[in-house]
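Given next are the chains, with one letter for each unit.
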Amino acid sequence: MQTPYQSKGILKNKKLRKIDLKDLASTAAFLVAFLAIWEVIFLLGVFPVVSLPSPLMVGQSLLDLIQEGTLGYSIAVTMLRLFVGFLTAILIGVGVGLVMVKFTYFGKTMNSFAVGLQSFPSIAWVPFAILLIGLNDSGILFVVIMSSVFSIMISTYSGVRNIPPIYLRSATNMGAKGISLFRHVMLPAATPSLIIGIRQGWSFAWHALVGAEMLITTLVGLGYILAVGREFSNMSQIIAAMIVIFTIGLVFDRVVFTKIEEKVRDRWGLNQQSEP
Amino acid sequence: MILHAKNISREYKSSTSYTHRVFNGLNLEVKKGEFVTIIGKSGCGKSTLLNIIAGLDSAYSGEIIVDDNPHLKGPDRVLIFQENSLFPWLNVVQNIEFGLKQANIPKKLRNATAMNYLKMVGLSDFAHSNIHELSGGMRQRVSIARALSLDPRILLMDEPFAALDTSTRQSLQNELLRIQKQTRKTILFVTHNIEEAVLLGDRVVLLSNSTGQIKKEFVINSPRPRDINNRSLKEIVSEALDELRENHYPNTNQEYANTISI
């Protein structure tokens, strides 16, 4: 069965695909221009070769890292750390956020505390983590969790508190209570706010992780490749690692979070300029 | 008697020491299958009364007796709100299934019931639409289907058509009458629109602002569909208007009285 709205949806998709192609072209043009300027600066010899290698040399470095197997392994370990840390942060953040909603005074106090800690520089946790936990994976996880947990906590707290009361009244009237009310009404109603917090938490976690990997050396990880590159004045390797870090961040933001957010916004009708 | 609101009183305490009393020993009886409309000025407690009957407001004294049972709980009295109360994270049919899901009704039966009531309000084609894709009138139809799917003893409606334009409102009024005829539901319908109250109700209950009780009741026997230009209906409308106009500023009078007593 085809409703007028479904056909409108198809139209919208086609339009989207066209814009995507244009986007792709302009991204490619941007990349080419960027590499060209880099190459020109290299050829002009503004910086010594040790300080600024050519794009080709960096490409070679990247290939070497891949062939050695260092890169794949480092990415795997870094991602594992990220997921473990980030998932723990989500569990703690959402959990504490809900407790904050339940107990008003604790919520108020904890909220100002969390706001303060949210803007606390993640790298500043490193010395604390080293002395408290040590130069190991747990120390890195600690920094990752502390960096991302507070924005998730705050968004849970404000997301649940800002649920329009009509949803809760209507659901209660239809017999929802307890866990079911939480699971089927409060959680989905707070989702748009939660996603923003989780996305922000993700980016904080990512920043913190690479920093922590550089300072808390555990002999493996993308941050460690950077640290080694600096140690041996290997600029090609540093830039290669930077490119990988940049790409991972971009992919997650564009592919994972943008998609999830789009889906939610579409369903809720938050993308529409005017109501039909 | 399907509903007996017995000796209901409800006070609102504001931050100042002033307490506002909306009801003072209000009594209301509704027969099974009756369509009762409630009118009154804003602030007279129309919505509060529905919330109390629906079980969403428990800070009252008195008794709500449904089917001779004073302790009946659960979604046997479903409230339809003026504003959109459909959940934007669910599509149309999932919204209707929500209450059934809370009652642990199996998935197949749930879906069949939902589709059945969606058909009754004429929106079968929109079962899988998102809520934001529906117009205001369509949303209220879905709300009605959602309420009916729970097979409530009493359908409570809190100014459900107040936010709609005139023609949509008229078609929804007719549809509600058709659905009531079909399902024989007991309906308690709050509105501030006197004509709407007279067009729809078997009985129109006029709430008073000042005494916190029922001021007057009009029993309307004329057959449906009704024409608001009908003479006897017009008389009822104007009589109800007169009743509402009286004592227009009860609070001012009260303040004046207080000043004198000091």
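Residues numbered from 1 in each chain as written. Chains lettered and ligands numbered in written order. Predicted model: local features only at pLDDT ≥ 70, side-chain atom pairs only at ≥ 80, totals over all residues. Heavy atoms only, no water.

Looking at helix H1 (residues 46-54) of chain B
Residues and elements named next belong to chain B. Filter applied, for reference: Each residue is placed in one exposure class: buried if its accessible area under a 1.4 Å probe, protein chains only, is under 20% of its type's maximum, exposed if it is over 50%, and partly exposed if it falls in between. Each helix is a run of H or I in the DSSP string that is no shorter than four residues. Each strand is a run of E no shorter than two, and both are numbered from the N terminus.
Along H1, eight of the nine residues are buried, which leaves the element largely enclosed by surrounding structure. Residues Lys46, Thr48, Leu49, Leu50, Asn51, Ile52, Ile53 and Ala54 constitute the buried set of H1. Downstream of H1 by one or two residues, Gly55 has phi in the positive range, about 90°.

Regarding the sheet that holds strand S2 (residues 19-30) of chain B
Residue and element names in this part refer to chain B. For clarity, the threshold we go by: Two strands pair under a simple rule: DSSP has to find at least two bridges between them. Lines fitted to C-alpha atoms define the axes here, with helix axes fitted over just the stretch in contact, and angles between the N-to-C directions of these axes take values from 0 to 180 degrees. Residues are treated as being in contact if the distance between any of their heavy atoms lies within 4.5 Å.
A sheet is described by the order of its strands in space; here three strands give the open sequence S2-S1-S4, paired in antiparallel fashion. Lying at the two open borders of the sheet, with one neighbouring strand each, are S2 and strand S4 (60-66). Each strand axis lies, on average, 15° off the axis of its neighbour in the sheet, ignoring direction. Relative to S4, strand S1 (residues 3-13) is paired through six bridges, and the arrangement is antiparallel. Each bridged residue has a counterpart across the sheet, and for Lys6 the counterpart in S4 is Glu63. The strands touched by H1 within the sheet are S1, S2 and S4, with S2 carrying the most contacts at an inclination of about 60°.

Comments concerning the side chain of Ser74(A)
Residues and elements named next belong to chain A. Note on placement: Ser74 falls in helix H3 (residues 70-102). Exposure remark for Ser74: the relative accessible area of 2% places this residue in the buried category. Not counting chain neighbours up to four residues away, the residues in contact with Ser74 comprise Val220, Gly221, Leu222 and Ile225.

What about the interface of chain A and chain B?
Condition: Here the quantity called buried area is the accessible surface, traced with a 1.4 Å probe, that two parts lose on coming together, added over both. Counted as salt bridges are all cases of a side-chain nitrogen of Lys or Arg within 4 Å of a carboxyl oxygen of Asp or Glu. Here a polar contact is recorded for every N or O atom pair within 3.5 Å, except that within protein the pair must consist of a potential hydrogen donor and a potential acceptor, and residues adjacent in sequence are included only if both atoms are side-chain atoms. Residue type decides the class: Asp, Glu, Lys and Arg count as charged, Ala, Val, Leu, Ile, Met, Phe, Trp, Tyr, Cys and Pro as nonpolar, and the leftover types, Gly among them, as polar.
Contact residues are listed per partner, giving 25 residues for chain A and 30 residues for chain B. Both faces considered, chain A and chain B share a buried interface measuring about 2600 Å² in area, 60% of it formed by carbon and sulfur atoms. Applying the counting rule to chain A against chain B returns zero salt bridges. Taken together, the links from chain A to chain B amount to ten residue pairs in polar contact (both at pLDDT 80 or more). Elements with a contribution of two residues or more to the side of chain A that touches chain B: helix H7 (165-173), helix H8 (178-215) and helix H10 (235-268) of chain A. Here the residues of the side of chain A that touches chain B sort into twelve nonpolar, nine polar and four charged.

The quantities given are spatial measurements derived from coordinates; they are silent on function.
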